[in-house]
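Tertiary structure, described
As a plain string of letters, each chain reads:
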Amino acid sequence: MSTSWKIETQAVQGTYAPKPTEPRIPAICQSTTYKYDSADHVARLFDLDLPDHMYTRISNPTTEAFEGKIALMEGGVGALATSSGQAATALAIMNICQAGQHIVTAGTLYGGTYSLFANTLPKLGIEVSFIDPNASIDEIKRQFRPETKALFAETIGNPGLNVLDFEKFSAVAQAMGVPLIIDNTFPTPYLCRPLEHGADIVVHSATKYIDGHATSVGGVIVDGGRFDWTGGKYPDLTEPDASYHGLRYVEKFGRLAYIIKARVQYMRDLGATPAPMNSFLFNHGLTTLPLRMERHSSNALALAKYLQKHPKVAWVNYPGLESHPSYALTRKYLAKGASGVMTFGIRGGREAGVRFMEATRVIALVVHVGDARSCVLHPASTTHRQLSEAQQIASGVTPDLIRLSVGIEHIDDLIADVEQALQAS
Ligand code: PLP
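Residues numbered from 1 in each chain as written. Predicted model: local features only at pLDDT ≥ 70, side-chain atom pairs only at ≥ 80, totals over all residues. Heavy atoms only, no water.

Some points on the site of the ligand
The condition that has to hold: What makes a residue near a molecule or strand is one non-hydrogen atom of that residue sitting within 4 Å of it. N or O atoms within 3.5 Å of each other form a polar contact, as long as, within protein, one can give a hydrogen and the other can take it, and as long as residues adjacent in sequence are counted only when both atoms are side-chain atoms. Methods summary: accessible areas were calculated by the Shrake-Rupley approach with a probe of 1.4 Å, and residue burial reflects only the protein chains presented. Each residue receives one of three labels: charged for Asp, Glu, Lys and Arg, nonpolar for Ala, Val, Leu, Ile, Met, Phe, Trp, Tyr, Cys and Pro, and polar for the others, Gly being one of them.
As a matter of local geometry, the ligand sits amid 14 residues, with Gly85, Asp183, Ser205, Thr207 and Lys208 nearest to it. Contacts to the ligand include Gly85, whose backbone N or O atom sits 2.9 Å from an oxygen atom. Between the ligand and Gln86, the relevant distance is 2.9 Å, taken from an oxygen atom to a main-chain nitrogen or oxygen of the residue. Relative to its unbound accessible surface of 390 Å², the ligand loses 90% to contact with the protein. When its residues are assigned to classes, the shell around the ligand shows three nonpolar, eight polar and three charged.

Looking at the packing of helix H3 (residues 61-74) against helix H12 (residues 276-308)
Under the convention used in this document: For every element, the axis is a line fit to its C-alpha atoms; helices are fit only across the contacting stretch, and the angle between N-to-C directions ranges from 0 to 180 degrees. In DSSP terms, a helix is any run of H or I states spanning at least four residues, a strand is any run of E spanning at least two, and both are numbered starting from the N terminus. When an angle is under 35 degrees it counts as roughly parallel; over 145 it counts as roughly antiparallel; between 65 and 115 it counts as roughly perpendicular; any other value is oblique. Note on convention: near helix rotated counterclockwise from far helix by under a right angle means a left-handed crossing. Clockwise means right-handed. Contacts are assigned to residue pairs with any non-hydrogen atoms lying within 4.5 Å of each other.
Contact pair H3 / H12: the axes reach a minimum separation of 8 Å and the direction vectors enclose 30 degrees. Regarding the angle of H3 to H12, the classification is roughly parallel. The chirality of how H3 crosses H12 is left-handed. The segment H3 lies against H12, with Thr62, Thr63, Ala65, Phe66, Lys69, Ile70 and Met73 engaging Pro276, Ser279, Phe280, Phe282, Asn283, Leu286, Thr287 and Leu289. Its residues assigned to classes, the contact of H3 with H12 shows nine nonpolar, five polar and one charged.

A word on the packing of H12 against helix H16 (residues 411-424)
Axis separation between H12 and H16 bottoms out at 10 Å; the angle between their running directions is 35 degrees. In this structure, H12 crosses over H16, and the sense of that crossing is right-handed. Taken together, the residues of H16 that come into contact with H12 (itself represented by Asn299, Ala302, Leu303, Tyr306 and Leu307) are Ile411, Leu414, Ile415, Val418, Glu419 and Leu422. Here the contact of H12 with H16 is composed, by residue class, of nine nonpolar, one polar and one charged.

A closer look at the domain arrangement of the protein
One frequent convention defines the size of an interface as the accessible area lost when the parts assemble. Rule in force here: Note: domain ranges come from an automatic or database domain assignment. Joining two parts hides part of their accessible area as seen by a 1.4 Å probe, and the buried area is that hidden amount summed over both. A side-chain nitrogen of Lys or Arg and a carboxyl oxygen of Asp or Glu constitute a salt bridge if their distance falls within 4 Å.
Examined at the domain level, the protein breaks down into domain 1 (7-286) and domain 2 (290-424). Here the C-alpha centroids of domain 1 and domain 2 sit 29 Å apart. Opposite the 31 residues of domain 1 that make contact, domain 2 presents 31 residues. Regarding the contact of domain 1 and domain 2, the summed buried area is about 2,500 Å², with carbon and sulfur atoms giving 62% of it. Counting across the interface, domain 1 meets domain 2 through one salt bridge. The salt bridge involving Lys332 is made with Glu167; its shortest N-O contact spans 2.4 Å. The interface formed by domain 1 and domain 2 holds 13 residue pairs in polar contact (both at pLDDT 80 or more) in total. Those elements that place two or more of their residues in the side of domain 1 that touches domain 2 are helix H1 (7-13), helix H7 (166-176), helix H8 (188-191) and H12.

Here it is as structure tokens:
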């Protein structure tokens, strides 16, 4: 295992290093528990004096292989896999923020994350301020309060597809003394490594490109290990934890304090654990991630350019296009590609959108993104149909909007499919 390897090698080799006669790839360790020879060994495990596995809710060898590999690829010191992307975001925040405290977030978020922040965290006593990611440094700073504990954003906003200005966001986080937490689901570490651009913690929905084959729901938190938790703002990390006989995380675990606390405190107590089978699949998914992300990105760019010239298309939103408002940021932070998701406006509105979605043959109607297979969705008639047209427009879903998650099929087949579906629309 080497941090100096190129990311393609890290993706293939990971951190799993079998001894002679052990399985070549991490086996699916479908076991809840582990066997020991002495009470003392168990006691030392429960005192967190040894890193061995104690119970699969907290850790598991198959999950550990996935966690090691994604931490390596993101350039972090450690990772914690979770049962979904939602769980990763919730735990990443709850690990440092509690009732009576506050976070600031870019408002351009995946709908599930928006709902977590707008509805559920406030019910738990955590207040959330939403900001326009285009706001100035001073405007963003003005949202901060003494009890603000984190700044959150997505590298590529879903579904707006705006690219984050890391320089601005990390400058604010640093100035305000809070960690920058980034949802890096759409780019994956192959296209962007947020920790290199000033982020402190990265979360993923592993359900998307990491899995890549639409088999499993999961998530992961990666800790950059650089944020300084001392200084009084994060007493949960520096002061004694009564649930571990007064252990202090920073004192005992140093740069691993945040991610170990998330595991032994919140994963222990809330139990959003991934199944070992799913971790096995995520680990497999990572093996081919660089190849897939290259193809997703080149296919999406080619399709976006084709759509831009099409008479039945009113507009195209893809951050890899030179005409995109984020293009300068794409070049700065997504030099290898802008991932596989795009939206476009079909002439003829809602009815044309429905006809298009029903006419595609290679591209399937699926409520998903990040799969190797191409997916299409017309949000106005599906995911957002309960909203009035005015509400849909307010949430960025115009009646003509089609979302494509461009897969890794041959580009000629994708263009031919889109062409015949546009004619049918
Ligand atoms: N973050 C982003 C950017 C997403 O697109 C999603 C799901 O679509 C999530 C988080 C939530 O992940 P999950 O569905 O694995 O809970």
